Amino acid sequence: MEDAQEEGTVPVQDVEVVAENLEVPWSFEKLEDTIYLTERAGSIVKIENGQTERQSVELEEELSTASEAGLLGFVLAPDFPESNLAYAYYTYESGDGQFNRIVFLRLNDNVWGEERVLLDQIPSGTYHHGGRLKIGADEKLYATTGDASTSEIAQDIDSLGGKILRMNLDGSIPSDNPYSNSYVFSYGHRNPQGITWSPDGTMYASEHGNNANDEINKIESGQNYGWPIIEGDEEQDGLVSPIFTSGDESTWAPSGMGYYNGKLYVAALRGSAVLEFDLETQEQREFITGLGRIRELFIDGDTLYFLSNNSDGRGNPQNNDDKLYKTSLSISN
């Protein structure tokens, strides 16, 4: 892990392990001192007071084991302490094919059960399932969806694939969505996997490019982000180009993201780092390296929590991987 000591990165000794021996973790939520974390194979891990408890999840459909698929996005309902409800995004297989769906899960006696389907038959293919769920300050649920390896659906407003979707917390369509009677908030996405907001309400998303040309986008209602017509630094009238891109020669494979003090922090899988993007200076750097593939992160005050993703068949697992880590953002800010 010597490369984690490079100038500008957080030293490994300043990174603390919160939990280990996780099985392909994908998403997590922190509520006060408790963390709930999804594993792609279909479990939710509860981390509290230094103890790790793996809780079972009972789904109505058979969880898909396809590449990149499984139990993905997860977010607690705002009234979770009273309702025990959470939102989840998972890939399933049925007689009609392979799809993604967004559901309510309810926790009862340490078992999460599928309570109700909010949105079904989101396209799912060989790759590119999207899967990130986040609740915005507008109290709407946002979901990222991939193009399901069929790039043309990203430009089809009538398809749920290759989009960022927006819904009310009860699963209905908001009246102020950009397209009438549609969950679509933005389109022209290839495989977006991260969402965050700055305090002024500006929305940002991360997106996997085609081999390279990964993107960090500023997201606005109704806009077209270009895939597959343009990518990376390319421009065309009516299409939105990214505010940051890895370019033709580099790959980040960006996933979860957060905002802190004028900067975006992004988990990078192929990039094997937590990346930092300064929105004012447009500078970018590797903030944390040496821990392998990073899937998701969460910022609580000035503490950065982040998940490694080395056990998914594409990484090189270290001892007791995968792990949930934390470090202080104030060290280098």
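What you are looking at is a predicted structure, and each value in this text was computed from that prediction instead of being measured.

## Let's talk about the sheet that holds strand β23 (residues 294-300)
Right, on to step 1. The strand order across the open sheet formed by 4 strands is β1-β25-β24-β23, and the pairing between neighbours is antiparallel. Two strands bound the open sheet, and with one partner strand each, they are β1 (16-19) and β23. In this sheet, neighbouring strand axes are inclined to one another by 30 degrees on average, regardless of whether the strands run parallel or antiparallel.
Right, on to step 2. Two strands pair when backbone bridges link them, and β1 and strand β25 (residues 324-328) are joined in this way by 3 bridges, in the antiparallel orientation. What sits directly across from A19, in β25, is L324.

## So, the side chain of K163
Right, on to step 1. Tracing the sequence through the fold places K163 in strand β13 (residues 163-168).
Right, on to step 2. Of the side chains with opposite charge, D156 lies nearest to the buried K163, which makes no salt bridge, at 6.1 Å.
Right, on to step 3. A polar side-chain atom of K163 sits 3.5 Å from the main-chain carbonyl oxygen of A154.
Right, on to step 4. Within the structure, the side chain of K163 is placed 2.9 Å from the backbone oxygen of D156, a separation counted as a polar contact.

## Brief notes about the packing of aromatic side chains
Right, on to step 1. Scanning all chains against the criterion turns up 15 aromatic pairs.
Right, on to step 2. Considering the side-chain rings of F80 and W112, the 6.0 Å spacing of their centres and the 10 degrees angle between planes classify their relative orientation as stacked. One end of the pair, F80, is in helix α1 (residues 80-83); the other, W112, is in strand β10 (residues 111-123), and 32 residues separate them in sequence. Grouping residues by exposure puts F80 and W112 together as buried.
Right, on to step 3. Each member of the aromatic cluster is reached from another via a ring pair, and the members are Y36, F74, F80 and W112.

## What about the environment of P78?
Right, on to step 1. Inspection of the secondary structure puts P78 in the loop between β7 (71-76) and α1.
Right, on to step 2. Sequence separation of P78 and E139 is 61 residues, and the distance between their C-alpha atoms is 8.8 Å.
Right, on to step 3. Those residues within four positions of P78 in sequence are excluded, and the remaining contacts are I135 and L169.

## A few points about the sheet that holds strand β20 (residues 263-268)
Right, on to step 1. Judged by pairing direction, the sheet is antiparallel, and its 4 strands sit side by side in the order β19-β20-β21-β22 without closing on themselves. Bordering the open sheet on either side are β19 (254-260) and β22 (284-289), each of which pairs with just one other strand. This sheet shows a mean twist of 25 degrees between the axes of neighbouring strands, independent of strand direction.
Right, on to step 2. Here 5 bridges tie β19 to β20, and the two strands are oriented antiparallel to one another. Bridged to G258 within β20 is Y265.

## Some details on the pairing of β25
Right, on to step 1. Across 5 bridges, strand β24 (residues 303-308) lies against β25 in antiparallel orientation. Bridging across to β25, L307 finds its partner in L324.

## A short note on a negative patch on the surface
Right, on to step 1. On the surface, a cluster of negative charge is made up of D233, E234, E235, D248 and E249.
Right, on to step 2. Looking at the element boundaries, E235 is found in the loop between β17 (215-219) and β18 (244-245).
Right, on to step 3. In this structure E235 comes out as exposed when scored by relative accessible area, which is 68%.

## Details of the nonpolar core
Right, on to step 1. Among the nonpolar cores identified, the biggest contains 21 residues, and Y87, I102, L119, L133 and L165 are the most heavily contacted of them.
Right, on to step 2. Those elements giving two or more residues to this core turn out to be β7, β8 (85-94), β9 (97-108), β10, β12 (140-144), β13 and β14 (184-187).
Right, on to step 3. Listed in part, the 17 residues of the second largest apolar core include Y92, V103, L105 and W112.

## Re the pattern of salt bridges
Right, on to step 1. Tallied over the entire structure, the rule returns 15 salt bridges.
Right, on to step 2. Of the charged contacts in the structure, one is a salt bridge between D300 and K30, with a shortest N-O distance of 2.8 Å. Remark: K30 occurs in strand β2 (residues 25-31) and D300 occurs in strand β23; sequence separation between them is 270 residues.
Right, on to step 3. In this structure, R293 and D312 form a salt bridge, with 2.8 Å as the shortest nitrogen-oxygen distance. With R293 in the loop between β22 and β23 and D312 in the loop between β24 and β25, the pair connects residues that are 19 residues apart, well separated along the chain.
Right, on to step 4. Here D312 falls in the buried class, since its relative accessible area comes to 17%.

The rules behind these values
Residues numbered from 1 in each chain as written. Predicted model: local features only at pLDDT ≥ 70, side-chain atom pairs only at ≥ 80, totals over all residues. Heavy atoms only, no water. Pairing = 2+ DSSP bridges. Helix = DSSP H or I, 4+ residues; strand = E, 2+ residues; numbered from the N terminus. Axes fitted to C-alpha atoms, helices over the stretch in contact; angles between N-to-C directions. Buried < 20%, exposed > 50% of the residue type's maximum accessible area, 1.4 Å probe, protein only. Lys, Arg positive; Asp, Glu negative; His and termini not counted. Salt bridge = Lys/Arg side-chain N within 4 Å of Asp/Glu carboxyl O. Polar contact = N/O pair within 3.5 Å; in protein donor to acceptor, adjacent residues only side chain to side chain. Phe/Tyr/Trp six-rings, centres within 6.5 Å; stacked < 30°, edge-to-face > 60°. Contact = heavy atoms within 4.5 Å. Patch = residues over 30% accessible without salt bridge, like charges linked within 9 Å, V, L, I, M, F, W, Y side chains within 5 Å. Areas by Shrake-Rupley, 256 points an atom, 1.4 Å probe, with all protein chains shown as cover. Charge placed at Lys NZ, Arg CZ, Asp CG, Glu CD. Core = buried A, V, L, I, M, F, W, Y, C linked by side-chain atoms within 4.5 Å.

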